[in-house]
Amino acid sequence: MTVGHAPPHSPPDISPLPDVEPLTPDRGPGRTPTVPRWLRRTVGPVLLLALWQTLSSTGVLPADALASPGTIARAGGELIGDGTLPTAMGVSLRRVAAGLLIGGIVGIALALVSGLSRLGEDLVDAPVQMLRTVPWVGLIPLLIIWLGIGEAPKVALIALGVAFHLYLNVYAGIRGVDAQLVEAGQSLGLGRWGLVRHVVLPGALPGAMTGLRYSLATAWLALVFGESINADAGIGFLMNQAREFFRTDVIVVCLVVYAFLGLLADALVRTLERLLLQWRPTFTGQ
């Protein structure tokens with residue numbers, strides 16, 4: 001009895017799979033795009049405003065506790081129409097700009113001294129870390145004694161809040177530069193200052209941008225406290241006046257202005273990041 005060879009198996013018939021449209025939260029097979037995302041994101045705030053207006057109109061939310069959105073909008077229009085709000089915004093912006101400039105120079109300079117030199121770190125880092133743990137808002141009485149009740153203590157308070165954020169992030173950015181990049185620069189013949197200019201500082205730039213964003217947020221927070229120091233102009237001055245007369249509508253308008261200016265400053269920093277950090281391999285901004 002002979003055993004024949006089994007016939008070879010024929011290869012399975014593999015046909016190309018039909019194109020399958022990927023599923024997304026907004027689109028499934030055979031479905032058309034629905035409401036745009038930006039429109040969906042506005043539903044929550046609009047519903048909240050509608051609920052707020054309804055509670056105010058029905059008397060559930062008393063006007064002396066919180067004014068209605070319509071009343072707040074009218075108050076904002078009046079403040080803009082008579083020039084009170086633009087003038088106050090100009091004063092507050094000048095204070096923030098001065099504090100940001102002074103605090104930025106001090107914070108970055110200390111970070112460069114501490115980050116680029118072991119001796120500088122030994123001399124600078126410990127005192128800065130000690131001062132950083134002191135609540136800078138608690139320094140208001142000393143600032144008034146030292147600098148009076150004019151513009152100087154307000155600007156100094158903003159500068160203090162800004163300097164520590166920039167110091168920490170720039171220092172961390174300098175010390176976080178990849179050692180292999182430094183070795184590559186040395187192999188190309190770069191001296192100490194060439195390495196600092198072409199390797200270390202560009203590598204620390206992302207940390208500096210992060211510190212700038214934190215600093216701007218802190219600057220607006222410090223401004224609120226600073227403008228409570230016997231201010232006679234600015235957004236904080238408007239809020240103090242409104243508090244005395246129980247004008248919750250004006251208070252909310254000032255809070256909205258603070259929030260708007262903070263968002264505008266953050267958008268400017270994001271734009272600056274897109275311009276300065278395009279060389280990063282992980283950069284995904286568009």
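For the structure given in this document, a descriptive report is provided here. (Residues numbered from 1 in each chain as written. Predicted model: local features only at pLDDT ≥ 70, side-chain atom pairs only at ≥ 80, totals over all residues. Heavy atoms only, no water.)

Concerning the overall build of the protein chain
Helices and strands together make up the secondary structure of the protein chain, namely 11 helices and 0 strands. When the helices and strands of the protein chain are placed in sequence order, the string is α-α-α-α-α-α-α-α-α-α-α. A buried classification covers 32% of the 286 residues belonging to the protein chain. Put simply, 69% of the contacts in the protein chain that link residues at least 6 apart link residues at least 24 apart. Roughly 18400 Å² of accessible area belongs to the protein chain as shown, and the carbon and sulfur atoms make up 68% of that amount. (Helix = DSSP H or I, 4+ residues; strand = E, 2+ residues; numbered from the N terminus. Buried < 20%, exposed > 50% of the residue type's maximum accessible area, 1.4 Å probe, protein only. Contact = heavy atoms within 4.5 Å. Areas by Shrake-Rupley, 256 points an atom, 1.4 Å probe, with all protein chains shown as cover.)

Some remarks on the nonpolar core
Looking at soluble globular proteins, one finds that nonpolar side chains tend to be buried together. Within the largest apolar cluster, 37 residues are counted, with the highest numbers of intra-cluster contacts made by Ile158, Trp220, Ile235 and Val253. Those elements that place two or more of their residues in this core are α3 (69-81), α4 (84-116), α6 (140-147), α7 (151-175), α9 (192-226), α10 (235-244) and α11 (248-276). Ranked by the residues each element gives to this core, the list is headed by α11, at 9 residues. The next biggest cluster of nonpolar side chains, apart from the first, holds 14 residues, and it includes Val124, Val170, Ile174 and Ala208. (Core = buried A, V, L, I, M, F, W, Y, C linked by side-chain atoms within 4.5 Å.)

Notes on the pattern of salt bridges
Under the definition given, this model contains 7 salt bridges. Between Glu151 and Arg95 there is a salt bridge, with the nearest N and O atoms lying 2.8 Å from each other. Here Arg95 lies in helix α4 and Glu151 lies in helix α7, a separation of 56 residues in the sequence. The exposure class assigned to Glu151 is partly exposed, which follows from its relative accessible area of 39%. Since its relative accessible area comes to 2%, Arg95 is described here as buried. With its nearest N and O atoms 3.0 Å apart, the salt bridge here joins Arg213 to Asp266. Placement of the pair is Arg213 in helix α9 and Asp266 in helix α11, with a sequence separation of 53 residues. Arg213 sits in the partly exposed class, given a relative accessible area of 27%. Residues participating in the shared-partner salt-bridge network are Arg95, Glu151 and Glu227. (Salt bridge = Lys/Arg side-chain N within 4 Å of Asp/Glu carboxyl O.)

Focus: the environment of Gly103
Mapped onto the fold, Gly103 is located in helix α4. Judged by relative accessible area, which is 1%, Gly103 ranks as buried. Between the C-alpha atom of Gly103 and that of Ala219, which follows or precedes it by 116 residues, the distance is 9.7 Å. Setting aside residues up to four positions removed in sequence, Gly103 forms contacts with Ala159, Val162 and Ala163.

Things to note about the side chain of Lys154
Tracing the sequence through the fold places Lys154 in helix α7. No salt bridge is formed by the buried Lys154; the nearest opposite charge belongs to Glu151, separated by 4.7 Å. With sequence-adjacent residues up to four places away left out, Lys154 is seen in contact with Arg95, Ile149, Gly226, Glu227, Ile229, Asn230 and Ala231. (Lys, Arg positive; Asp, Glu negative; His and termini not counted.)

Quick word on the environment of Ala267
For Ala267, the location among the structural elements is in helix α11. Sequence separation between Ala267 and Arg213 is 54 residues, and the spatial gap between their C-alpha atoms is 9.5 Å.

Just geometry here; none of it tells us what the structure is for.
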